[in-house]
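Structure at a glance
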Amino acid sequence: MSNTSKRASSESVITTDVGLAYGVSKIHGINPALLIEKILRERILYSLYWQQPCVTLNLMTLLDEVVFHVKLIGTYSDAGKVRPTRFICIILRLLQIQPTPDIIDYLLIQTDFKYLQTVAALYARLTMDSVEIYQKLEPLLSNYSRLRIYENGESYITHMDEYIDNLLNGSKFCDLIFPRIIRRERLEETGALDERPSLVRDEFEKEVEEHERQL
């Protein structure tokens, strides 16, 4: 094979990553935008919603966009045909912007806008280390706000605690694959995390103590 043919053959298999973030720090050793798989990322980038309002959003306008226009979570929805949701488009834009940790912390603890919490929680799951993920997300397990989700061709109601439990214990959210994290039990064994309080266990221990007093 000639050098020209070899070069042409090599060029034919080169793939280009699109939608990369610039002027930001790597996350888990890669460009933040690559935390969304190539197929999903390209569908986002070629969507009408991304090309018109989403790609121009800065942090402040992105937060307004979530408050006023995000009404469900998921990766794809169906409005005549399958398309990326506003929710997942905004996650990619947030990865490109890379807000400071204190902003994500505030979005997680504020209680006025539940879909801002869902966006911040997924961003935290994708970008933070294992210890931070448990520390930041576990408080939301006591949040039972209703959320609408679109998955597998249908829309239904879920709740914040279910969503957060999946972020902590699942391997993916709809069609988005999570980076691997260390199991909580292992982090407790190494002393990186304190044992998580259990309301059920506390109630059981109180019942046992009360029973022993009566003997």
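Remember, it's a predicted structure, so these values are computed and weren't measured experimentally.

Details of the confidence of the model for the protein
In the predicted model, the protein carries a mean pLDDT of 88, and the fraction of residues at 70 or more is 87%. Helix α7 (residues 114-127) holds the highest mean pLDDT among the elements of the protein, 98, whereas helix α1 (residues 3-12) holds the lowest, 45. Segment residues 4-15 is flagged for pLDDT under 50; beyond a separation of four residues in sequence, or across chains, it makes 1 contact in the model.

What to know about the packing of aromatic side chains
For the coordinates displayed, the defined rule picks out 2 aromatic pairs. Aromatic side chains Y163 and F173 sit 5.6 Å apart centroid to centroid with 80 degrees between the ring planes, which places their arrangement in the edge-to-face category. Within this pair, whereas Y163 is found in helix α9 (residues 160-169), its partner F173 is found in strand β5 (residues 172-173), the two being separated by 10 residues in sequence. Judged by its relative accessible area of 3%, F173 is buried. A connected cluster of aromatic rings, assembled from ring pairs, spans F87, Y163 and F173.

Brief notes about unusual backbone geometry
A positive phi is found at H28, a non-glycine position, where the angle reads about 55 degrees. A positive phi angle, near 55 degrees, is found at N152, a position not held by glycine. Note that N152 resides in the loop between β3 (146-151) and β4 (154-159). N152 gets classed as exposed once you look at its relative accessible area, which sits at 73%.

Considerations on the pattern of salt bridges
Within this structure, the stated rule accounts for 6 salt bridges. Here R196 and E138 are joined by a salt bridge, their closest N and O atoms 3.4 Å apart. In this pair, R196 is assigned in the loop between α10 (184-189) and α11 (199-214) and E138 in the loop between α8 (130-137) and β3, connecting sequence segments 58 residues apart. With a relative accessible area of 13%, E138 lands in the buried category. As a salt-bridge pair, R184 and E188 come within 2.5 Å of each other at their nearest N and O atoms. Here E188 and R184 lie together in helix α10, a separation of 4 residues that amounts to about one turn.

Overview of the packing of helix α4 (residues 59-69) against α7
With their axes 8 Å apart at the nearest point, α4 and α7 run at an angle of 125 degrees to one another. Judged by the angle between their axes, α4 and α7 are oblique. As for how α4 packs across α7, the hand of that crossing is right-handed. Taken together, the residues of α7 that come into contact with α4 (itself represented by L63, V66 and V67) are Y115, L116 and V119. Considered class by class, the residues forming the contact of α4 with α7 number 6 nonpolar, no polar and no charged.

Focus on the pairing of β4
Relative to β4, β3 runs antiparallel, the two sharing 6 bridges. Bridged to Y150 within β4 is S155. Taken together, β3 and the strand that follows it, β4, pair antiparallel across an intervening segment of 2 residues, in which N152 is found at a positive phi of about 55 degrees.

Quick notes on the rules
Numbers given to residues run from 1 along each chain, matching the order in which its sequence is written. Local features are withheld for residues below a pLDDT of 70 in this predicted model, meaning they are given only at 70 or higher, and side-chain atom pairs are given and counted only at 80 or more; totals for whole chains, interfaces and linings count all residues. Each side-chain value is derived from all of the structure's non-hydrogen atoms; neither hydrogens nor water enter the calculation. One confidence number per residue, pLDDT, is output by the predictor and ranges from 0 to 100. Helical segments are the DSSP runs of H or I of at least four residues, strand segments are the runs of E of at least two, and each set is numbered from the N terminus. Any two residues whose heavy atoms approach within 4.5 Å are treated as being in contact. In this analysis, rings of Phe, Tyr and Trp, with Trp reduced to its six-membered ring, are considered paired at centre separations within 6.5 Å, and the interplanar angle assigns stacked below 30 degrees, edge-to-face beyond 60, and tilted for intermediate values. A 1.4 Å probe rolled over the protein chains alone gives each residue an accessible area, and that area as a share of the maximum for its type sets the label: buried under 20%, exposed over 50%, partly exposed in between. Salt bridges, as used here, are contacts in which a Lys or Arg side-chain nitrogen is within 4 Å of a carboxyl oxygen on Asp or Glu. Lines are fitted to the C-alpha atoms to define the axes, a helix being fitted only along its stretch in contact, and any angle between axes, read from their N-to-C directions, falls within 0 to 180 degrees. For this classification, under 35 degrees means roughly parallel, over 145 means roughly antiparallel, 65 to 115 means roughly perpendicular, and everything else is oblique. Two helices that cross are described as forming a left-handed crossing if the nearer one is turned anticlockwise from the farther one by less than a right angle, and a right-handed crossing if clockwise. In this count, Pro and Cys sit with the nonpolar residues alongside Ala, Val, Leu, Ile, Met, Phe, Trp and Tyr, while Asp, Glu, Lys and Arg are called charged and the others, Gly among them, polar. A pair of strands is considered paired only if DSSP assigns at least 2 bridges between the two.

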